[in-house]
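Tertiary structure, described
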Amino acid sequence: MRLGVLALQGDFHEHQVILEQLGAEVRQVRLPEHLSGLSGLIIPGGESTTIGKLAVDFGLIEPLREFGRTRAVWGTCAGAIFLSQDARRSQPLLGLMDISVERNAFGRQVNSFEVDLCVDFPPTVDPLRRPFHAVFIRAPLIERAGAGVQVLSRLEDGRIVAARQAKLLATSFHPELTRDDRFHRLFMELAGEAPAA
Ligand code: GLN
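Residues numbered from 1 in each chain as written. Predicted model: local features only at pLDDT ≥ 70, side-chain atom pairs only at ≥ 80, totals over all residues. Heavy atoms only, no water.

**Re the pattern of salt bridges**
Considering all chains together, one arrives at 13 salt bridges under this definition. The partner of Glu 66 in a salt bridge is Arg 69, and the shortest N-O contact between them spans 2.8 Å. Of the two residues, Glu 66 and Arg 69 both sit in helix H3 (residues 61–70), three residues apart, roughly one turn of that helix. The closest approach of N and O atoms between Glu 102 and Arg 88, which form a salt bridge, is 3.9 Å. A residue pair is termed long-range when its members are at least 10 positions apart, and Glu 102 in strand S5 (residues 99–102) and Arg 88 in the loop between helix H4 (78–83) and S5 qualify at 14 residues. For Glu 102, a relative accessible area of 24% gives the class partly exposed. Linked by salt bridges that have partners in common, Glu 47, Arg 103 and Arg 138 make up one network. (Salt bridge = Lys/Arg side-chain N within 4 Å of Asp/Glu carboxyl O. Helix = DSSP H or I, 4+ residues; strand = E, 2+ residues; numbered from the N terminus. Buried < 20%, exposed > 50% of the residue type's maximum accessible area, 1.4 Å probe, protein only.)

In structure tokens, the structure reads:
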């Protein structure tokens, strides 16, 4: 079983390194045929409008939708926007997750921040429930989560920053930029692949 990183734009390489450290075989996805045989895909942070435009240009929109109907897909930051149904403006979206997002909800690049979050990980991933140190860079908020969506984490003021819908995962922040691999382990579990111990 193999995992993919959508390698159109953004920090896909950081995700790839962590997945490989956890024992996965990782393929960079740029064309529809690169999806074949994968059990899960990460859509990285970057710029959601750019990722969306390139996905249109490379004929990836429908293949990605088809892929995400049955397999694990995790979007971080721009990737979470791309997974959503609504981003309040017209840009290509996969619409796979029943969430609406507000882009750049915390302001500009200089308003980026880091915060410790409580995350509702399954006990297989994190029996100890330690806080997760999260990095937010021009991050989106998940302003609406539909009935089938499980909220995994909120800021102290209650706003949603991580959510899961069956095998789909969305995080406003960037777990690939810290050493904590619990979200990558969760993703591998959703993809049906147990991380190496
Ligand atoms: N602000 C970017 C967007 O709207 C996301 C930023 C990021 O991925 N770090 O797409």
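That was the structure; now back to the text.
**Digging into the site of the ligand**
By nearness alone, every residue bordering the ligand is listed as Gly 45, Gly 46, Glu 47, Ser 48, Cys 77, Ala 78, Ile 81, Arg 103, Asn 104, Ile 137, Arg 138 and His 174. Between Ser 48 and the ligand, the recorded distance is 2.7 Å, taken from a backbone N or O atom to an oxygen atom. For the ligand, whose accessible area on its own is 300 Å², the fraction buried by protein is 97%. With respect to the pocket detection grid, the ligand is positioned in the largest pocket. Among the residues making up the shell around the ligand, the classes are represented as four nonpolar, five polar and three charged. (Near = heavy atom within 4 Å. Polar contact = N/O pair within 3.5 Å; in protein donor to acceptor, adjacent residues only side chain to side chain. Areas by Shrake-Rupley, 256 points an atom, 1.4 Å probe, with all protein chains shown as cover. 1 Å grid on protein atoms, 1.4 Å probe; cavity = no way out; pocket = protein on both sides within 12 Å on 5 of 7 lines; lining within 4 Å. Sits in = over half its atoms within 2 Å of the grid points. Nonpolar A, V, L, I, M, F, W, Y, C, P; charged D, E, K, R; others polar.)

**Things to note about the environment of Gln 9**
On the secondary structure map, Gln 9 appears in the loop between strand S1 (2–6) and helix H1 (12–21). Separated by 75 residues in sequence, Gln 9 and Ser 84 place their C-alpha atoms 18 Å apart. Excluding residues within four positions of it along the chain, Gln 9 makes contact with Pro 44, Gly 45, Gly 46, Glu 47, Thr 50, Ile 51 and Leu 54. Here the side chain of Gln 9 touches Glu 47 through a polar contact of 2.9 Å, landing on its backbone nitrogen. (Contact = heavy atoms within 4.5 Å.)

**Some points on the nonpolar core**
The biggest cluster of nonpolar side chains holds 36 residues, and the ones touching the most others in it are Leu 19, Phe 136, Phe 173, Phe 183 and Phe 187. Mapped by element, the contributors of at least two residues to this core are S1, H1, strand S4 (72–76), strand S7 (132–136), strand S10 (160–165) and helix H5 (182–190). Sorting elements by how many residues they give to this core places H5 first, with five residues. Ignoring sequence-local partners within four residues, the contact set of Phe 183 consists of Trp 74, Val 119, Phe 121, Phe 132, Leu 152, Ala 162, Leu 169, Thr 171, Phe 173 and Pro 175. Judged by nonpolar contacts, the second largest core, of 32 residues, contains Ile 43, Ala 80, Ile 99 and Ile 160. (Core = buried A, V, L, I, M, F, W, Y, C linked by side-chain atoms within 4.5 Å.)

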